[in-house]
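Here is what each chain is made of, one letter per residue.
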Amino acid sequence: MLKKLSLGNFPTKIEPLPKLSAELGKSLYIKRDDQTGTEFSGNKIRKLEYAVAEALEQGATTLITCGGIQSNHCRATAAAAVRLGLKSILVLRSDEAPKVEGNYLLDLLLGAEIRLISSQDYAERLPEILTDIAAGLPKKGEKGYIMPSGASNGVGMLGYFSAFQEITAQEEAMGIRFDTIVCAAGSGGTYAGLCAANKVSGKGKDILGVCVGGNAASFVGKCAEIAEESKKYLDLPDLSLTPADIHIVDGYVGRGYALSTPEELAFIRKVASTEGIVVDPVYTGKTLYGLWHEIKKGNLPKAKNILFIHTGGLFGLFPKQDEFGL
């Protein structure tokens, strides 16, 4: 496996959620990947520890990546670049002049070069735009390294392949077995890493993803593609992911990616006031909301000890402050 950098604070804690567990009649735990560091907070830094290691191996001086205006991944990339003496160029999706708040504020504070593009260009021309940026760097004496959204590719997946091993070590120390691990189904790298590690290990856990954008059918294909690409870095059997290996739940995207419903925001308030833990409106809020309702509907009868991965995203709450009606 590619040697990784050390940027985040690991291992992250696993804590019980006793009040929510009592309401659901299940043993619910949370892995605090939101506590990997302030600038690096969330799941993105696990993936960046491998992706940026590859960038350095290739002699890159500039990290190039993309995402929405409030992208956690882009903010973490900008922070990693500063820490390692690199530059960063962030291609951010925005159809209007963005407010300087949340992750976008941090991007600017961290000195990232920002390129704003429309939603249409992001959907139709993103690979071309990223390639053109990289192609223009050598004349400035720089070399670029392009990462997809969320660093969700074969090398980025290694972060959560390793995280699965971290979880199994914590299980042994805690004297517990998690039969179900739940995370957001977003760009695919987190889920693919956990799912591939589960398959290779033979642990037989249910790796459940809750769609926060798009749909299950497209996500299954994306995860299979990421796992296939990871074979470049992992000389292991059974890395291929089939639809039978992947368990994705639709129905909780709500108004769409990064858009919130009143019910979702009310649930975020419920979790905060019940357990003292804040989940974000883009990933973890929708995912935990989906898990909650799946259990209430009786759709997870075999799940007894459930581990929910808190993938961070706190800064994404602040641009939605007016929507809470507080």
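Residues numbered from 1 in each chain as written. Predicted model: local features only at pLDDT ≥ 70, side-chain atom pairs only at ≥ 80, totals over all residues. Heavy atoms only, no water.

### Some remarks on helix H5 (residues 119-135)
So, point 1. Counted at 1.5 Å a residue, the expected span for H5 with its 17 residues is 24 Å, and the 23 Å between its end C-alpha atoms agrees.
So, point 2. Those residues of H5 lying buried are Tyr122, Leu126, Ile129, Leu130, Ile133 and Ala134.
So, point 3. Residues of H5 that are buried sit in contact with strand S3 (62-68), strand S4 (87-93), strand S5 (113-117) and strand S6 (144-146). (Helix = DSSP H or I, 4+ residues; strand = E, 2+ residues; numbered from the N terminus. Expected span 1.5 Å × (residues − 1). Buried < 20%, exposed > 50% of the residue type's maximum accessible area, 1.4 Å probe, protein only. Contact = heavy atoms within 4.5 Å.)

### Observations concerning the packing of helix H6 (residues 158-174) against helix H7 (residues 189-201)
So, point 1. It is the contact of H6 with H7, at a shortest axis distance of 7 Å, that shows an interaxial angle of 55°. Judged by the inter-axis angle, H6 sits oblique to H7. Taken as a pair, H6 and H7 cross one another with a handedness that is right-handed. Contacts between H6 and H7 pair Tyr160, Phe161, Phe164 and Ile167 from the former with Gly189, Thr190, Gly193, Leu194, Ala196, Ala197, Asn198, Val200 and Ser201 from the latter.
So, point 2. For the contact of H6 with H7, the residue count by class is eight nonpolar, five polar and no charged. (Axes fitted to C-alpha atoms, helices over the stretch in contact; angles between N-to-C directions. Parallel < 35°, antiparallel > 145°, perpendicular 65-115°, else oblique. Left-handed = near helix turned anticlockwise from the far one by under 90°. Nonpolar A, V, L, I, M, F, W, Y, C, P; charged D, E, K, R; others polar.)

### Some words on the sheet that holds S6
So, point 1. Pairing is parallel in the open sheet, where four strands are placed in the order S5-S4-S3-S6. Looking at strand neighbours, the two that pair on one side only are S5 and S6, the edges of this open sheet. Taking the axes of each pair of neighbouring strands and ignoring which way they run, one obtains an average angle of 25° across the sheet.
So, point 2. The sheet contact formed by S4 and S5 spans five bridges and is parallel. By the bridge assignment for S5, arginine 93 is matched with isoleucine 117.
So, point 3. Contacts from helix H3 (residues 72-84) reach S3 and S4 within the one sheet, and its direction differs from that of S3 by about 160°. (Pairing = 2+ DSSP bridges.)

### Considerations on the sheet that holds strand S9 (residues 247-249)
So, point 1. Here we have six strands laid out as an open sheet, ordered S1-S2-S10-S7-S8-S9, and mixed in their pairing. This sheet does not close on itself; its edge strands, each paired only once, are strand S1 (14-16) and S9. Within this sheet the neighbouring strands show an average axis-to-axis angle of 30°, counted without direction.
So, point 2. Of the strand pairs in this sheet, S1 and strand S2 (residues 27-31) are connected by three bridges, and their pairing is antiparallel.

### Re the state of the cysteines
So, point 1. The final tally for this structure, using the stated rule, is zero disulfides.
So, point 2. Here cysteine 195 is not disulfide-linked; the sulfur of cysteine 223 is the nearest cysteine sulfur, at 7.0 Å.
So, point 3. Cysteine cysteine 211 remains unbridged, with the sulfur of cysteine 223 as its closest cysteine sulfur at 9.1 Å. (Disulfide = S-S within 2.5 Å.)

### Overview of the packing of aromatic side chains
So, point 1. Enumeration according to the criterion identifies six aromatic pairs in this entry.
So, point 2. Ring geometry for tyrosine 191 against phenylalanine 219: centres 5.7 Å apart, planes inclined by 70°, an arrangement best described as edge-to-face. Here phenylalanine 219 lies in helix H8 (residues 216-230) and tyrosine 191 lies in helix H7, a separation of 28 residues in the sequence.
So, point 3. Take phenylalanine 219: its relative accessible area is 5%, and that puts it in the buried class. (Phe/Tyr/Trp six-rings, centres within 6.5 Å; stacked < 30°, edge-to-face > 60°.)

### Focus on the pattern of salt bridges
Pairing is possible between side chains that carry opposite charge, provided their charged atoms lie close to one another.
So, point 1. Counted by the stated rule, this structure contains 18 salt bridges.
So, point 2. Between glutamate 128 and arginine 125 there is a salt bridge, and its shortest N-O distance comes to 3.3 Å. Taken together, the residues glutamate 128 and arginine 125, both in helix H5 and three residues apart, mark about one turn of the helix.
So, point 3. Since its relative accessible area comes to 31%, arginine 125 is described here as partly exposed.
So, point 4. Between lysine 320 and glutamate 323 there is a salt bridge, with its nearest N and O atoms 3.7 Å apart.
So, point 5. Taking relative accessible area as the criterion, lysine 320 reaches 9% and is therefore assigned buried.
So, point 6. You can call glutamate 323 partly exposed: its relative accessible area is 41%.
So, point 7. Where salt bridges share partners, they join Lys13, Glu15, Arg32 and Asp34 into one cluster. (Salt bridge = Lys/Arg side-chain N within 4 Å of Asp/Glu carboxyl O.)

### Here we look at the pairing of strand S7 (residues 180-185)
So, point 1. The buried count for S7 comes to six of six residues, which makes it a mostly enclosed element.
So, point 2. The pairing of S7 with strand S8 (residues 206-211) spans six bridges and is classified as parallel. Its bridge partner lying in S8, valine 182 is registered against leucine 208.
So, point 3. Relative to strand S10 (residues 305-309), S7 runs parallel, the two sharing three bridges.

### Observations regarding H8
Count 3.6 residues to each turn of an α-helix, and residues three or four apart come out pointing the same way.
So, point 1. In a regular helix each residue adds 1.5 Å, so 15 residues correspond to 21 Å; H8 covers 21 Å between its end C-alpha atoms and thus fits that length.
So, point 2. All buried positions along H8 are accounted for by Ala216, Phe219, Val220, Cys223, Ile226, Ala227 and Ser230. Summarising the axial view, the buried residues of H8 lie within an arc of 130°, below the 170-degree limit, and thus occupy one face.
So, point 3. Those residues of H8 that are buried lie in contact with S7, H7, S8 and S9. (Arc of directions from axis to C-beta.)

It is worth stressing that arrangement in space is one thing and function is another; only the former is reported here.
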